[in-house]
Amino acid sequence: MTSKTKAHIALLSTNIFFAMNFTAVKSLLNDGLVKPFGLNLIRVGFSMILLWILFLFKPVKSVIYKKDIGRFVLCALTGIAVNQLFFIQGLSFTSSIHASLLLLTTPILITIIAAWFLKERLNRNKIIGLTLGITGAVILVSQKGSTVEGENILLGDILIILNAISYTIYFILVKPLMAKYDPVVVIRMVFTIGFFMILPFGWNDFIEVPWQQYNTGDYLLLILIVFFGTFLAYLLNLYGIKTLGASMAGTYIYSQPVFAAIIAIIFLGETLSWYKILSAALIFGGVYLTNKASRND
């Protein structure tokens, strides 16, 4: 098997793991087995531990320059603290399908922020792409959905969008660090700083986790979220980007909502209504045109 084939498998696996995350997280929250902030602390904390264990077996020496510490802190704030807290809290209110589709707007948000702050040029394809993507998101957010899918769809959707905005800012901030340091070193530092940021918010929820109510299936869901959906997914994604490039890795994001919808329909009983299909088509089209325009610039 060639390294490129392995990289394609890694990227596909990454998005399947991320897609499974939506249903796994939703299942534990719906069953009252953990609160959102408590699950955040478990997810980030154990991922941080696994990243340090990886360092013990495969140490990568890297001196962190003092001038970059502030950027690492900002990356931890946007990429872990705000991003993770808003994601799981938002997912507790809305549906897995809504959340996965709204997260797909991240490339569109990157284009908007780049045009606003970095003064990047907006050509016709980008403008059409932004219009389609934003229209799809508005249609999705404007629909209330059903009670089986979430308690407060609108609030959940807003939190997911704020999470996507936070991740977009993180994506822009972390690029110089990824070019300067080993990517695994960057992720380990970001997770470590981020863990201590969310510790005050998640500690009370963590100590209230009713471990005695957990069965084997519940522990497997937790392992899926922490090991496969976070730790392994991040590493596989890095491997895919390193081997095939960021553009190819970005195309695999299209598969994530598809997998997320199938899994949510099977295991959570969520429905695929007309407005979700329309929103998905608009968002997919918007992301495609935006990315195509960016590559042609």
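Refer to the structure presented above.
Note that the coordinates shown come from a computational prediction; the quantities given were computed from them, not determined experimentally.

Caption draft 1: Region of interest: helix α7 (residues 153–180). Between its first and last C-alpha atoms α7 spans 41 Å; for 28 residues at 1.5 Å apiece the expected length is 40 Å, and the two agree. Maximal helix bending in α7 amounts to about 35°, located at Val174; proline Pro176 follows within four positions.

Caption draft 2: Representation of the nonpolar core in the model. Residues Phe22, Val25, Leu28, Val34, Leu39, Phe87 and Tyr214 are the most contacted members of the largest nonpolar core, which totals 44 residues. For this core, the element with the highest residue contribution is helix α1 (residues 3–30), accounting for six residues. Ignoring any residue separated from it by four or fewer positions in sequence, one finds Phe22 in contact with Phe87, Leu91, Ser96, Ala99, Ser100, Leu103, Gln256 and Ala260. Leu41, Ala76, Ile80 and Tyr170 belong to the second largest nonpolar core, which has 25 residues in total.

Caption draft 3: Region of interest: helix α11 (residues 255–268). Between its first and last C-alpha atoms α11 spans 19 Å; for 14 residues at 1.5 Å apiece the expected length is 20 Å, and the two agree. Ser255, Gln256, Pro257, Ala260, Ala261, Ile263, Ala264 and Leu268 are the residues of α11 that are buried. Directly beyond the C-terminal end of α11, a positive phi value near 75° is found at Gly269.

Caption draft 4: Inspection of the side chain of Asp205 at higher detail. For Asp205, the position within the fold is in helix α8 (residues 183–207). Salt bridges are absent for the buried Asp205, whose nearest opposite-charge side chain, Lys35, sits at 4.3 Å. When sequence neighbours within four positions are dropped, the list of residues in contact with Asp205 reads Lys35, Phe37 and Gly38.

Conventions we followed
- Residues numbered from 1 in each chain as written.
- Predicted model: local features only at pLDDT ≥ 70, side-chain atom pairs only at ≥ 80, totals over all residues.
- Heavy atoms only, no water.
- Helix = DSSP H or I, 4+ residues; strand = E, 2+ residues; numbered from the N terminus.
- Expected span 1.5 Å × (residues − 1).
- Bend = angle between axes of the 7 residues up to and from the residue.
- Core = buried A, V, L, I, M, F, W, Y, C linked by side-chain atoms within 4.5 Å.
- Buried < 20%, exposed > 50% of the residue type's maximum accessible area, 1.4 Å probe, protein only.
- Contact = heavy atoms within 4.5 Å.
- Lys, Arg positive; Asp, Glu negative; His and termini not counted.
- Salt bridge = Lys/Arg side-chain N within 4 Å of Asp/Glu carboxyl O.

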